[in-house]
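# Coordinate inspection notes
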Amino acid sequence: SAVISQKPSRDICQRGTSLTIQCQVDSQVTMMFWYRQQPGQSLTLIATANQGSEATYESGFVIDKFPISRPNLTFSTLTVSNMSPEDSSIYLCSVWQGARETQYFGPGTRLLVL
Amino acid sequence: DQQVKQNSPSLSVQEGRISILNCDYTNSMFDYFLWYKKYPAEGPTFLISISSIKDKNEDGRFTVFLNKSAKHLSLHIVPSQPGDSAVYFCAARENTGNQFYFGTGTSLTVIP
């Protein structure tokens, strides 16, 4: 299975600032995803990070608020911009391994916005 | 609108007994389902999957049952162990895409 790491593991940020979360995979993967899990809620897909092109965002999420980079097949970043307390959440990186028909998750980044 | 629902937010089971976690879905286009386990401060870990062409898949102590007519799946853990205490999420995918839709999770506590 894919091994996924995320940095930072947690952070406390001030309102109005931005935070960039890094996701590193130990193997090349075609599809990488960013999810958010707000307290008491299910995992919600923010966007699909496409290598070499713009990310594909789900309804309710926009590039200006959550810019994503995918410079190669093993790395991606998600930036949470102009943060507000409502952005406090766990942000999870995920990859799809078609050969195994399985989606694997990183350990998550716990963000608290004051 | 929540397309995947786990109506029991929590479940407690004695060690050695069976744990049954339930999941309902509304989208008839879903054709692939997964169960994940999540410990605090960790990401979800894949447990077991099932395709809509099957009605049962077994892996060790874990069995997933799919009832397509009822749009219902369940995860059975037998025998339950204290290390199984975690939050369990079910997820479903449409046959036309790669996006998974997740339930809100069921917190399982296995009592020694």
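Relevant structure appears above.
Bear in mind the structure is a predicted one, so any value in this text is a computation, not a measurement.

With that settled, consider a nonpolar patch on the surface. Residues and elements named next belong to chain A. A cluster of nonpolar side chains, Ile 12, Leu 112 and Leu 114, forms an exposed patch at the surface whose accessible area comes to about 290 Å². Within the secondary structure, Leu 112 sits in strand 11 (residues 109-113). In this structure Leu 112 comes out as partly exposed when scored by relative accessible area, which is 38%.

Residue and element names in this part refer to chain A. Inspection of the secondary structure puts Ser 88 in the loop between strand 8 (75-80) and strand 9 (89-97). Judged by relative accessible area, Ser 88 falls into the buried class, the value being 16%. Separated by 2.9 Å, the side chain of Ser 88 and the backbone oxygen of Pro 85 make a polar contact. Excluding residues that lie within four positions of it along the chain, Ser 88 makes contacts with Gln 38, Pro 39, Leu 111, Leu 112 and Val 113.

Within the structure shown, the criterion is met by two disulfides over all chains. A disulfide bridge connects Cys 23 of chain A with Cys 93 of chain A, and the sulfur atoms are separated by 1.9 Å. Looking along the S-S bond of the Cys 23 of chain A-Cys 93 of chain A disulfide, the torsion reads about -65 degrees, which is the left-handed sense. Here Cys 23 of chain A is found in strand 3 (residues 19-25), whereas its partner Cys 93 of chain A is found in strand 9, with 70 residues between them in sequence. The exposure classification of Cys 23 of chain A matches that of Cys 93 of chain A, with both residues buried. Here Cys 23 of chain B connects covalently by a disulfide to Cys 90 of chain B, the sulfurs 1.9 Å from one another. In this structure the cystine formed by Cys 23 of chain B and Cys 90 of chain B twists about its S-S bond by roughly 65 degrees; its chirality is therefore right-handed. With Cys 23 of chain B in strand 3 (residues 19-25) and Cys 90 of chain B in strand 9 (residues 86-94), the pair connects residues that are 67 residues apart, well separated along the chain. Overall, Cys 23 of chain B belongs to the buried group, its relative accessible area being 1%. Under the relative-accessibility criterion, Cys 90 of chain B is labelled buried at 0%. Unpaired in this structure, Cys 13 of chain A has its nearest cysteine sulfur neighbour in Cys 23 of chain A, at a distance of 18 Å.

Definitions and cut-offs
Residues numbered from 1 in each chain as written. Chains lettered and ligands numbered in written order. Predicted model: local features only at pLDDT ≥ 70, side-chain atom pairs only at ≥ 80, totals over all residues. Heavy atoms only, no water. Patch = residues over 30% accessible without salt bridge, like charges linked within 9 Å, V, L, I, M, F, W, Y side chains within 5 Å. Areas by Shrake-Rupley, 256 points an atom, 1.4 Å probe, with all protein chains shown as cover. Salt bridge = Lys/Arg side-chain N within 4 Å of Asp/Glu carboxyl O. Helix = DSSP H or I, 4+ residues; strand = E, 2+ residues; numbered from the N terminus. Buried < 20%, exposed > 50% of the residue type's maximum accessible area, 1.4 Å probe, protein only. Polar contact = N/O pair within 3.5 Å; in protein donor to acceptor, adjacent residues only side chain to side chain. Contact = heavy atoms within 4.5 Å. Disulfide = S-S within 2.5 Å.

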